[in-house]
Amino acid sequence: LLRSSQPLTGPNRRRCREDEKLLGTILDEGERGFIIDTRSAQAAKQARMSGGGTEPKSCYPHWRRLHRALDRGRPLQESFMRLVEACSEPSLSMDRWLARLDGSRWLSHVKAALSTACLAAQCLDREDSNVLVHGAEGTDTTLLVTALAQLILDPSCRTLEGFQALLQREWIEAGHPFHLRCARSASSHARGKQEAPLFLLFLDCVWQLSRQFPFSLEFGEQLLLTLFDNAYASCYGTFLCNNEKERSLCKVKESTHSLWAWLNQPEEKHKYLNPLYSHNPLVIWPSVEPQSIQLWQGLFLRWIRPSQHLDEAWAEIQRLVEGN
């Protein structure tokens, strides 16, 4: 599974022979690969007309390009804001609430992200093919798909330690611009030009996996909520800046503490573990049917719905498991 950090085009705006050579060396004789483009075919065509986009298909004869459009930037931010506004009005009637939820299109974004990740996973697992995930800059929807695909395929990524390593590798070191995307409070009405809840969308997709496969992830909802909180406001340096270069210039590692070090302390770690976890060596294929995608109430309704009873139930489950 590969991710492209830039459009497949070179300085001459038509061909990048270095990319062609690189992708040519990945495939053995007779093999074919898949390029999953997270832009629509129309968006790629428009980018190509302005000198960017992608190279002609003839330059990659052994690679099949599949377009699976995923929204990013303003459309995703607007969708999130509509959902937050709906969740902030607890007095809505049933019909009005369902209409507002559907109108936000947030669950459609969750479905699209999981569907595209499943496509990448299927190409790897069932077709036994190489997969290149390609987007606009390679720091948003590209990372969303590659991280989810690995979580679906690789049981080691579903452990607490493995999930932290996945986030470090696929989001932080790969250059997701946390400072730009999470510049303000998640529910702020001020809309920054480059704000977009891509990381939140990823966490929501992980929550969907944890709900559909309650025994297969070593960590629980509390970890996902903690990651969401720290992505937007944190006393740790893990999510600071936009890329590794900026973190190096700002001396983040020397001047701040790591969120991972704090989470892995024995007195903290047990709060985030799933007491029902049982190692599952198999691929976990999530259902993406509309009936299977649910609103993450633990996050989106956390400020208007008390969590006391859920917390007590979770503590009781932990007590019963430890007693056995």
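Quick notes on the rules
- Residues numbered from 1 in each chain as written.
- Predicted model: local features only at pLDDT ≥ 70, side-chain atom pairs only at ≥ 80, totals over all residues.
- Heavy atoms only, no water.
- UniProt positions renumbered as here; feature names shortened; annotations may be inferred.
- 1 Å grid on protein atoms, 1.4 Å probe; cavity = no way out; pocket = protein on both sides within 12 Å on 5 of 7 lines; lining within 4 Å.
- Points joined across faces, edges and corners; volume = space filled by probe spheres on them.
- Nonpolar A, V, L, I, M, F, W, Y, C, P; charged D, E, K, R; others polar.
- Pairing = 2+ DSSP bridges.
- Helix = DSSP H or I, 4+ residues; strand = E, 2+ residues; numbered from the N terminus.
- Contact = heavy atoms within 4.5 Å.
- Axes fitted to C-alpha atoms, helices over the stretch in contact; angles between N-to-C directions.
- Core = buried A, V, L, I, M, F, W, Y, C linked by side-chain atoms within 4.5 Å.
- Buried < 20%, exposed > 50% of the residue type's maximum accessible area, 1.4 Å probe, protein only.
- Parallel < 35°, antiparallel > 145°, perpendicular 65-115°, else oblique.
- Salt bridge = Lys/Arg side-chain N within 4 Å of Asp/Glu carboxyl O.

An unreviewed UniProt entry annotates the chain as MTMR9 protein originating from Toxostoma redivivum. Of the chain, the UniProt comment under Sequence similarities (unreviewed entry) reads exactly: "Belongs to the protein-tyrosine phosphatase family. Non-receptor class myotubularin subfamily."

K.L.:
How should empty space enclosed by the protein be read in this particular structure?
P.N.:
The gaps left among the atoms become clear once a water-sized probe is rolled over them. Within this structure, the stated rule accounts for one cavity of 30 Å³ or more. As for the largest cavity, its lining consists of Arg72, Gly135, Ala136, Glu137, Gly138, Thr139, Asp140, Thr141 and Thr142. Of the residues assigned to the lining of the largest cavity, the class counts are one nonpolar, five polar and three charged.

K.L.:
Help me understand the sheet that holds strand β1 (residues 2–3), please; the structure alone is not making it clear to me.
P.N.:
Sheets are built from strands paired through backbone hydrogen bonds, the pairs being either parallel or antiparallel. One open sheet accounts for four strands, arranged β1-β4-β2-β3; its pairing is parallel. Looking at strand neighbours, the two that pair on one side only are β1 and β3 (63–67), the edges of this open sheet. Taken together, the five bridges between strand β2 (residues 33–37) and strand β4 (residues 130–134) define a ladder with parallel strand orientation. Bridge pairing links Phe34 to Val131 in β4. The strands that helix α5 (residues 106–125) touches are β2, β3 and β4; relative to β2, the one it contacts most, it runs at about 170 degrees.

K.L.:
Quick question: what am I supposed to make of the environment of Ala117 here?
P.N.:
With respect to the helices and strands, Ala117 occurs in helix α5. Excluding residues within four positions of it along the chain, Ala117 makes contact with Val145, Leu148, Ala149 and Ile152.

K.L.:
How do you make sense of the nonpolar core when you look at a structure like this?
P.N.:
The biggest cluster of nonpolar side chains holds 78 residues, and the ones touching the most others in it are Phe163, Phe199, Phe202, Leu227 and Phe300. The contacts of Phe202, once residues within four sequence positions are left out, are Leu144, Ala147, Leu148, Phe163, Leu166, Leu167 and Trp171. Counting seven residues, the second largest nonpolar core, distinct from the first, contains Leu27, Ile35, Trp63 and Leu132.

K.L.:
Even after reading the chapter, I still don't get the packing of helix α9 (residues 198–212) against helix α10 (residues 221–232), so can you show me in this structure?
P.N.:
Each pair of packed helices can be summarised by the angle the axes make with each other and by the distance between the axes. Remark: α9 packs on α10, axes separated minimally by 10 Å, with the N-to-C direction vectors making an angle of 180 degrees. By the criterion of interaxial angle, the relationship of α9 to α10 is roughly antiparallel. Contacts between α9 and α10 involve Phe199, Leu200, Leu203, Val206 and Trp207 from the former and Glu221, Leu224, Leu227, Phe228 and Ala231 from the latter. When grouped by side-chain class, the residues that make up the contact of α9 with α10 number nine nonpolar, no polar and one charged.

K.L.:
Whenever I open this one, the pattern of salt bridges confuses me. Can you help?
P.N.:
Side chains that carry opposite charge are capable of pairing whenever their charged atoms lie near each other. In total, this model carries eleven salt bridges according to the counting rule given. Salt-bridge contacts for Arg72 lead to Glu137; the nearest nitrogen and oxygen are separated by 2.7 Å. A residue pair is termed long-range when its members are at least 10 positions apart, and Arg72 in the loop between β3 and α3 (74–87) and Glu137 in the loop between β4 and α6 (141–153) qualify at 65 residues. Classification of Glu137 by relative accessible area gives partly exposed; the value is 42%. In this structure, Arg302 and Asp229 form a salt bridge, with 3.0 Å as the shortest nitrogen-oxygen distance. Residue Arg302 is located in the loop between α15 (297–300) and α16 (308–323), and its partner Asp229 is located in helix α10; the two are separated by 73 residues in the primary sequence. Judged by its relative accessible area of 31%, Asp229 falls in the partly exposed class. Through salt bridges that share partners, Arg72, Glu137, Asp140 and Arg181 make up one connected network.

K.L.:
So what exactly am I meant to see when it comes to the pairing of β4 here?
P.N.:
A regular strand carries its side chains on alternate faces of the sheet. With respect to burial, β4 is a largely interior element, four of its five residues being buried. With two bridges joining them, β1 and β4 adopt parallel strand pairing. Within β4, the residue paired with Leu2 across the bridge is Leu132.

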